[in-house]
Amino acid sequence: MESAQVRRSFVDFFVARGHKHVPGASLIPDALSTTLFTIAGMEPFVPAFLGSAPAPAARVVTVQRCMRVAGGKNDLDNVGRTGRHATFLEMLGNFSFGDYYKREAVTWAWEYLTSVLGLPPERLRVSVYVDDEEAAAIWRRDVGLPADRISRFREDNFWDMGPTGPCGPCSEIFFDLGERAGCGRPECGPGCSHCDRYVELWNLVFQQYDRDGSGELHPLPKPCIDTGMGFERLCMVLGDKTSIFDIDLYQDIMTALPAVAAAVADGGAVNRRVIADHARATAFLVADGVMPTNSDRGYVLRFLTRRAIRSGKVLGYDPSFFSALVPAVIATLRDGYPELAGMEETIAGTLRAEERQFDQTLARGEARLHSLLVLAKSSGASTLDGRSIFELHDTYGFPPELTAEIAAEGGIAVDLIGYRNAMQEQRERARRDALAKRVQVRVEPAGDEVPASQFVGYGQLAAHSRVVALLDRTGGAVQSLETGVLGSVVLDRTPFYAERGGQMGDRGVLAGHGFAFAVSATEYADKSQRSIMHLGRVTDGVLSIGANVDAMVDPWWRREIRRHHTATHLLQRALKEIAGESVAQRGSAVFADRTRFDFDSPVGALTEQRRNDVAVRVNELIRADFHEQIESMPFAEAVARGAVYMKSENYGEVVRVVTFGPSIELCGGTHAQSTGEIGHFVLLSEAAIAAGTRRVEGLVSEAADAYVRRLRSAVEDATTALSSSVEELPQTATRLALQRRELEKKITALQSQVAESHADSMLALLREADGVRYVAARTPQSAIGLREFAESLRVRMQSGVLALCSSDGRTVSLLVTVSADAVARGVSAKRILTEMASHVAGKGGGSALQAQGAGKNPAGVDAALAAVPAAISSALDE
């Protein structure tokens, strides 16, 4: 069975059992998520598990793309070196939100693996949580698994996605790859640390707790089911392989790679696998909107791209080989993700630009690294010092992870702790995505690579300035930028606020005689904060060094950011008053349309009452119309006045203090002139992002007005559609949801009755071929699926062959099942299906017991059915 068919079969199996197929979410999780990327199929449904948001349905099935490159769910170092690990993977999952529980999850998983996919039951082992007698009993009683094939673990069978959030005991299903993959030890079994013989295939998580920031477990509103099966591992097992890199998803990509020089050891197997994996990961990252940068998700994309390019260089490939793989990658994923086809040029173009930039970086960086390694070896050192790693990253743009990988190939360790110390400020800024505290930091002396800029934007939105430096999109210094070109502009003086302390940088226009430059972002050139870069594109004419410009900030952008920034100050004051003065800021992000505030909470999660109290208090401070007061004073004096500051930050001797009534903070950002102009505050959400750390998100000004309008419109539409008053809307919605669930149960029961009725009439078509009974028939067009129909018919016909077709006029679906006694005589469902598929321009796969497929020629259905007896006889003759 090809990978695309496996993916479809999983979804079809659970849809037939009342599940709603929900499309997979983006690799970029919700803004309130605690993870950098989506790491599990359940992650998009965390609010539903917690009861804070409605589930899309009581039963859901998904195929979710995931990335595991950071934190506890990090497989990066093992990619290519084992047959089981990948950075990008697809997770097959079925979910129940308070509907079914352990018994259905276990029995359906077993049925799908053994009956639909035809995996040998004797090669499957399971594990349960050490104290979960209920799950163990289901495996023994309902599935018939002997006790000696049920292992019990504690930590390995209690699943969570992080330090906080939904969690619970789990039961894992393992597949035995056989002695060829084993260690030979008598005690070898699931979880063996010496070999990969037992592959974890499917994890059935019985979600029943919510872990808070202190580690305490609280029962979920309803017990839920969250299962996850690694798609690539499943395809590996079905293909009788011992490595995921041997399945079509990877092989088709590796086939598209250039030939490897004969001198390369092992044919470059590890590097080829790394390239194939990273090609899949980077394609999806770009498709989901990530672009190469030096921070957070953009940094991961850049690192994966550069690691793959460097792996290709080891194999003797031209640097442009990586972007050339994009068509092959999309071809392997098109069936499950048709939207990728329209993104091909965007993905390839992004990777081509990164290839060109990294080609120069790699040449310079590798030469320097080579000399450092030679020097280390000649001096007898076994470790490359952290300062050298810092130099490679800071001067040559060489990723420290790549330095460590290359050094390891030469037998040299790396001092990453020393590197982190040297890079602490930059690394912290990248890791937290510019969520540092809003402060005026001490200005350190810096070199003269980029001229300094004077910020004049606290009291004005426009200034006459002169261009003192220009950089192209790669950061290289240039003399001019032409129309349509991306680049950065440094002015001698500017009203544009550069991104800092969580406040996004300004947008606007730089205009002069015969040219215009649209500014899309404003940043500091380096940590010294002496040079302000205006990032954007020349929209007209040619911009040259020395040109006089009118620098004009977008007034709407600045106004809305000022208001959201001021609201963040008021929010911190309100949180301290409601939750306690020990509330401590951990970060913030201020945008034109929202604000986000992270803090250590002394009371854990905010209760509904506390959330309401915080929102009420913020709006009281807004209506009080406190006017902005800005003062510069010694740090010690500011602290004595009660100014709020972040303990982890370094401050200069003189700091900038911003006061709005009872709110006093050290801050270097821009603010509203008075709190009254903010309008009103809406608290959107509050959630955990780490142990003891909460995140609040809110809106003010125009964004709050728009939110209220949308909410009011939605409520009015709902009341009209449900013929309900606003006050009665919750009760009406609850009543209708219960009615829908009852109707769905009745529909399922009726479908079963219809299937049984049609099955009785089909028995009239029973025939024999060389002593083997068979039914070859076209199923009626109804809501009944082929498998459900076959199950009903099989109950009435214990022995023989069922060969069924259905067609919607455009496509054909095929299903063949063979009883065990017929298989013993040599009859194979897979071979019969292959013969049938040839008449309908189709293909398929499966096992001797069951096979399924699809075709594109409905006109050939009769010929396909007519071919069944000959296919049976042919098998018996062999």
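Residues numbered from 1 in each chain as written. Predicted model: local features only at pLDDT ≥ 70, side-chain atom pairs only at ≥ 80, totals over all residues. Heavy atoms only, no water.

### Thoughts on the sheet that holds strand β29 (residues 663-666)
Each strand in a sheet pairs with its neighbour through backbone hydrogen bonds, running either in the same direction (parallel) or in the opposite one (antiparallel).
Now for step 1: With antiparallel pairing, three strands are arranged side by side in an open sheet as β27-β28-β29. Pairing within the sheet leaves two strands with one partner each, and these edge strands are β27 (629-634) and β29. Adjacent strand axes in the sheet meet at a mean angle of 25° when their direction is disregarded.
Now for step 2: As paired strands, β27 and strand β28 (residues 654-660) are joined by six bridges and run antiparallel to one another. The residue bridging S632 from the neighbouring strand is R656, located in β28.
Now for step 3: Against the sheet, helix α15 (residues 555-579) makes contact with β28 and β29, and its axis sits at roughly 115° relative to β29, the strand it touches most. (Pairing = 2+ DSSP bridges. Helix = DSSP H or I, 4+ residues; strand = E, 2+ residues; numbered from the N terminus. Axes fitted to C-alpha atoms, helices over the stretch in contact; angles between N-to-C directions. Contact = heavy atoms within 4.5 Å.)

### Re the pairing of strand β24 (residues 548-553)
Now for step 1: Residues V549, A551 and V553 line the buried face of β24, whereas the alternating positions N548, D550 and M552 sit on a face that is not buried.
Now for step 2: Strand direction decides the pairing type here: strand β20 (residues 508-512) and β24, joined by four bridges, are antiparallel. Within β24, the position partnered with L510 by the bridge is A551. (Buried < 20%, exposed > 50% of the residue type's maximum accessible area, 1.4 Å probe, protein only.)

### Digging into the packing of aromatic side chains
Now for step 1: The final tally for this structure, using the stated rule, is 26 aromatic pairs.
Now for step 2: In this structure an aromatic cluster arises from ring pairing among F10, F13, F14, Y100, W108, Y112 and W202.
Now for step 3: A cation sits over an aromatic face here: R280 above Y250, 4.6 Å from the ring centre. (Phe/Tyr/Trp six-rings, centres within 6.5 Å; stacked < 30°, edge-to-face > 60°. Lys NZ or Arg CZ within 6 Å of the ring centre and 35° of its normal.)

### Regarding helix α24 (residues 868-877)
Now for step 1: Buried within α24 we find V868, A871, I872, S873, A875 and L876.
Now for step 2: Structurally, α24 contributes buried residues whose contacts are with β32 (767-769), β33 (772-778), β34 (801-807), α22 (829-837) and α23 (861-866).

### Considerations on the nonpolar core
Now for step 1: Grouped together as the largest cluster of nonpolar side chains are 107 residues, with contacts concentrated most on M67, Y112, L113, W139 and W202.
Now for step 2: No other element matches helix α7 (residues 269-287), which puts nine residues into this core. (Core = buried A, V, L, I, M, F, W, Y, C linked by side-chain atoms within 4.5 Å.)

### Thoughts on the sheet that holds β34
Now for step 1: Reading across the sheet, the six strands line up as β32-β33-β34-β35-β37-β36 and stay open at both edges, with mixed pairing between neighbours. Since the sheet does not close on itself, it has two edges, and those belong to β32 and β36 (842-846), each with one partner. Averaged over all pairs of adjacent strands, the angle between strand axes in this sheet comes to 20°, irrespective of strand direction.
Now for step 2: As defined by bridge partners, β34 adjoins strand β35 (residues 812-818) across seven bridges and the pair is classed as antiparallel. Across the sheet, residue V801 finds its bridge partner in β35, namely V818.

### Examining the packing of α15 against helix α16 (residues 608-623)
Pairs of packed helices are described in terms of their axes, by the angle between the two and the distance that separates them.
Now for step 1: For the pair α15 and α16, interaxial distance at closest approach is 9 Å and the crossing angle is 130°. By the criterion of interaxial angle, the relationship of α15 to α16 is oblique. For α15 against α16, the interelement crossing comes out right-handed. Contact residues: L570, L571, R573, A574, L575, E577 and I578 in α15; R610, D613, V614, R617, V618, L621 and I622 in α16.
Now for step 2: Taken together, the residues of the contact of α15 with α16 sort by class into nine nonpolar, no polar and five charged. (Parallel < 35°, antiparallel > 145°, perpendicular 65-115°, else oblique. Left-handed = near helix turned anticlockwise from the far one by under 90°. Nonpolar A, V, L, I, M, F, W, Y, C, P; charged D, E, K, R; others polar.)

### Considering the pattern of salt bridges
Now for step 1: Scanning the model with the defined rule gives 43 salt bridges in all.
Now for step 2: Where R586 meets D600, a salt bridge forms, and the shortest distance between an N and an O atom there is 2.8 Å. Placement of the pair is R586 in strand β25 (residues 584-590) and D600 in strand β26 (residues 595-600), with a sequence separation of 14 residues.
Now for step 3: When its relative accessible area of 19% is taken as the criterion, D600 is described as buried. (Salt bridge = Lys/Arg side-chain N within 4 Å of Asp/Glu carboxyl O.)

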